[in-house]
Structures are given as C-alpha cells and as structure tokens.
Amino acid sequence: EEADAFGSPSASITLNDGASATNQESISIAFSAKDAVSLKRYAVTQSSTLPATSSSEWTDLSEGKSYSTTLSKSIGSDEGDYTFYGWSQDKAENYSTAASASIIYDVTAPTNPSISINSGATSTTNAVFSITISGSDSLSGIEYYFASESSSTPSSTDSGWVATTSTKNLSSSKSFTVSTPSAA
C-alpha cells in the first residue's frame, strides 16, 4: 500500500439535484469522492454510523483519485424527512467524514385552503380587488400558489404561479384583476 500523507478523502452527496422535497418514493443520489492519492471504496446509507469494514454497504472502486456516480434508492412509504449519508475510504485506510443530505417525502396536498375577497366581502362589482389566499402544509411547506378566475386545476407549467418563501402556513394577499367583471 502506498503511504498517504495527504490526509483523509472527501465525500459529497446530493439528493434529487438538491430538491428539498419529493412526492416520489424513489430518489436519485449523486455521490462523489476525492483523494490525493487513490480511493478504495465508498458507501451510501441511511444510517449516520460509518458502516463496519466488512459491511456489504461498501462498494469497491478501481484505482483513481476521484469518483462520482448517481444511485437510485427507495425511501419508503412513510411521509417525513429522510437523510442519506456517504463515506469514502482511501487505499491507506483513511475514511472521509460523513457527507449528508436530506429530503422530505410529502404526498399530502396542502390543507385548509381558503380565499377571501376584499377582506371577507361576499361580492364585489369592481374589476380590481384584493384577495387573500391561505393554506397550510405541515411537511414540505407551501412554495407557490395560483389564483385564477377559472375553477379548473392549473398545471404545473401554467403561467400565474406565484412563488412564496416556503412556509408551513401561508397567508398571502395581492391585488387581482378579473378580465370581465360579473354583472351585478
């Protein structure tokens, strides 16, 4: 074995291209590792504990100072926060510190949606008015909302989505203009 006076290798991990949440049980894990001399193997797990040297979670590598791969892993069917950890080991038996990344698995739509026109008015004859949109999401939060004259559900690519600072409880007001005022 070649002596490694350069220290421990490094490792990095990213889930679903850096997304904070997903509604899919299968996620992609981008893992990469580097060493000044030569890498030996790597492991990606859901445990924060370094796998035992004899663990089947380790994947052997051929010679090289850097390595990267994309893995597909299942996170399970329970909603919540999932964290993955990655390590690399070099040929001199040094281990990297654990790299980690988390993602929220959330398949429940936001709840308690409501809309209020002109602070609770039951109707208006004005083409321009104020609306307040409210809702909550206890897991991944609300990042966008959509207000429209139509009762049709918008697609994710429709223009009109308004970005918000991700929040568990949304209450946002904005001025809204209808294209044709309703007859009173």
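Scope of this entry: the structure provided in the associated data block. (Residues numbered from 1 in each chain as written. Predicted model: local features only at pLDDT ≥ 70, side-chain atom pairs only at ≥ 80, totals over all residues. Heavy atoms only, no water.)

1. Considering the nonpolar core
Argument step 1. Counting residues in each nonpolar core, the largest one holds 17 residues, and the members touching the most others are I13, L15, I27, I29, V44 and F84.
Argument step 2. Of all the elements in the fold, those that place two or more residues in this core are β1 (10-15), β3 (26-34), β4 (39-45), β7 (80-90) and β8 (99-105).
Argument step 3. Dropping the residues within four chain positions of it, I29 is found in contact with I13, T14, L15, V44, T69, T70, L71, K73 and F84.
Argument step 4. Core analysis: the second largest hydrophobic core is formed by nine residues, F129, I131, A147 and V178 among them. (Core = buried A, V, L, I, M, F, W, Y, C linked by side-chain atoms within 4.5 Å. Buried < 20%, exposed > 50% of the residue type's maximum accessible area, 1.4 Å probe, protein only. Helix = DSSP H or I, 4+ residues; strand = E, 2+ residues; numbered from the N terminus. Contact = heavy atoms within 4.5 Å.)

2. Here's the deal with the environment of S47
Argument step 1. Here S47 lies in the loop between β4 and β5 (58-60).
Argument step 2. Here the alpha-carbon distance between S47 and F84, two residues 37 residues apart in the chain, equals 7.1 Å.
Argument step 3. Discounting residues that sit within four places of it in the chain, S47 has contacts with Y85 and W87.

3. Observations concerning unusual backbone geometry
Argument step 1. Of note, N112 is a non-glycine position whose phi angle comes to about 55°, a positive value.
Argument step 2. Assignment of secondary structure puts N112 in strand β9 (residues 111-117).
Argument step 3. If you check the backbone angles, N118 has positive phi at about 45° while not being a glycine.
Argument step 4. Relative to the helices and strands, N118 resides in the loop between β9 and β10 (128-136).
Argument step 5. Among the residues examined, N118 registers a relative accessible area of 29% and is labelled partly exposed.

These results come straight from atomic positions and should not be treated as a statement about function.
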